[in-house]
Amino acid sequence: MQQVNLIQMFPGYDIKQNQALSAYTNTRVGGPADWIFWPKKLAELKDVVRYAHDQTIPVTVLGNASNLIIGDNGLSGLVIFLTNLTDITLDTHTVTAGAGAAIIDVTQVAAEHSLTGLEWAAGIPGSVGGAVFMNAGAYGGQVAESLVSADVLTPTGEIKTYTNAELDFGYRHSTVQATGEIILSATFALAPDEQTAIVARMEDFNTRRASKQPLEYPSCGSVFKRPEGYFAGKLIMDSDLQGYQVGGAQVSTKHAGFIVNKGDATGSDYVAVIQHVQATVQAKFDVALEPEVRILGK
Ligand SMILES: Cc1cc2nc3c(=O)[nH]c(=O)nc-3n(C[C@H](O)[C@H](O)[C@H](O)COP(=O)(O)OP(=O)(O)OC[C@H]3O[C@@H](n4cnc5c(N)ncnc54)[C@H](O)[C@@H]3O)c2cc1C
């Protein structure tokens, strides 16, 4: 990968070489990426994606890196952060947001315009692209309920628009998880409501989050999917795993579904805790816990 020099290839583009990803992830863990690129506009993104495709350079697109554990050896190839693609536009009751916009900012714009439908996302620290990719959800709401369509960039540089049905949303699932396409923007259909009621719901959800979640530590949110008929956090709590720690990664003592970084965790620490939790819960309750977080790299 080092024989290709993306910085020389694309002068003026915001590209860095051999950067530690831990500086950008919510867990504060993750080894280096060969290249990191922050496109300032769509044309830059298209140029680099096409080039990477032609040169068979692996591409990983990240949003706010709030649902990730990246291995200590990092990611080979090119990592793209869409954090500059943050336009949010409103058309009557419809909001369109760039993939790099924080979903929290979208909920705030919706509330400012007295539009309901996204309150559940008021405290989710992800980007619009990450939320669509994951079909993020909370407090009974999820992306699938209000998303109308999403624009994506294919690995060959073509733009496509997918409808809600085409994204085949399921629990923490969308088709983009299998296609390698890059989500560029998403459009949500909302409905008018009393602004005070919308803001009250957002505040209520955020108060509940702050009281139950260990927001004072770096983490990747709930680590495991909800197994059919159970709650992952309850199974972990009932397995006496709260406080279980490997290196700097610890099963939160405040919310058993979270694994927090107590200061110096590595990706390997996180993976070791996850495997121990899975094995313990399997042995005690015969339930297989499947990670909700994406574990990338080695
Ligand atoms: C404190 C805390 C609380 C959380 N609470 C919730 C919650 O209530 N509900 C919930 O669902 N999640 C929650 N999460 C998890 C996380 O915030 C969400 O899953 C969020 O939607 C991930 O967005 P992101 O931009 O951070 O994605 P990332 O973590 O950056 O990426 C996640 C995956 O999406 C892919 N991806 C990201 N952007 C794109 C794009 N533009 N195109 C293609 N692929 C892309 C990445 O490659 C990766 O595989 C929480 C996390 C934390 C730390």
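Everything that follows concerns the structure shown earlier in this document.
Residues numbered from 1 in each chain as written. Predicted model: local features only at pLDDT ≥ 70, side-chain atom pairs only at ≥ 80, totals over all residues. Heavy atoms only, no water.

Colleague: What's the story with the site of the ligand in this structure? I'm lost.
Modeller: In the neighbourhood of the ligand, 36 residues make up the surrounding shell, with Val61, Gly63, Ser66, Ser127 and Gly137 lying closest. Interatomic distance of 2.6 Å between a side-chain N/O atom of Ser127 and an oxygen atom of the ligand. Protein chains shield 94% of the accessible area of the ligand, which is 970 Å² for the free molecule. Those elements giving two or more residues to the shell around the ligand turn out to be strand 3 (59–62), helix 4 (128–134), strand 9 (137–138) and strand 13 (182–189). If you tally residues by element for the shell around the ligand, the top one is helix 4, at five residues. Split by residue class, the shell around the ligand holds 18 nonpolar, 13 polar and five charged. (Near = heavy atom within 4 Å. Polar contact = N/O pair within 3.5 Å; in protein donor to acceptor, adjacent residues only side chain to side chain. Areas by Shrake-Rupley, 256 points an atom, 1.4 Å probe, with all protein chains shown as cover. Helix = DSSP H or I, 4+ residues; strand = E, 2+ residues; numbered from the N terminus. Nonpolar A, V, L, I, M, F, W, Y, C, P; charged D, E, K, R; others polar.)

Colleague: What is the right way to look at the sheet that holds strand 11 (residues 147–153) in this model?
Modeller: The pairing of strands in a sheet comes from backbone hydrogen bonds and takes either a parallel or an antiparallel form. One open sheet holds the five strands; their spatial order is 6-7-13-11-12, and the pairing between them is antiparallel. Looking at which strands have only one partner, the edges of the open sheet turn out to be strand 6 (88–91) and strand 12 (159–163). Adjacent strand axes in the sheet meet at a mean angle of 20°, parallel and antiparallel pairs treated alike. In this sheet, strand 13 lies alongside strand 11 in antiparallel orientation, the contact comprising six bridges. Considered in strand 13, the bridge of Asp151 is made with Ser185. Lying on the sheet, helix 2 (residues 42–54) is in contact with strand 11, strand 12 and strand 13; it crosses strand 13 at an angle near 140°. (Pairing = 2+ DSSP bridges. Axes fitted to C-alpha atoms, helices over the stretch in contact; angles between N-to-C directions. Contact = heavy atoms within 4.5 Å.)

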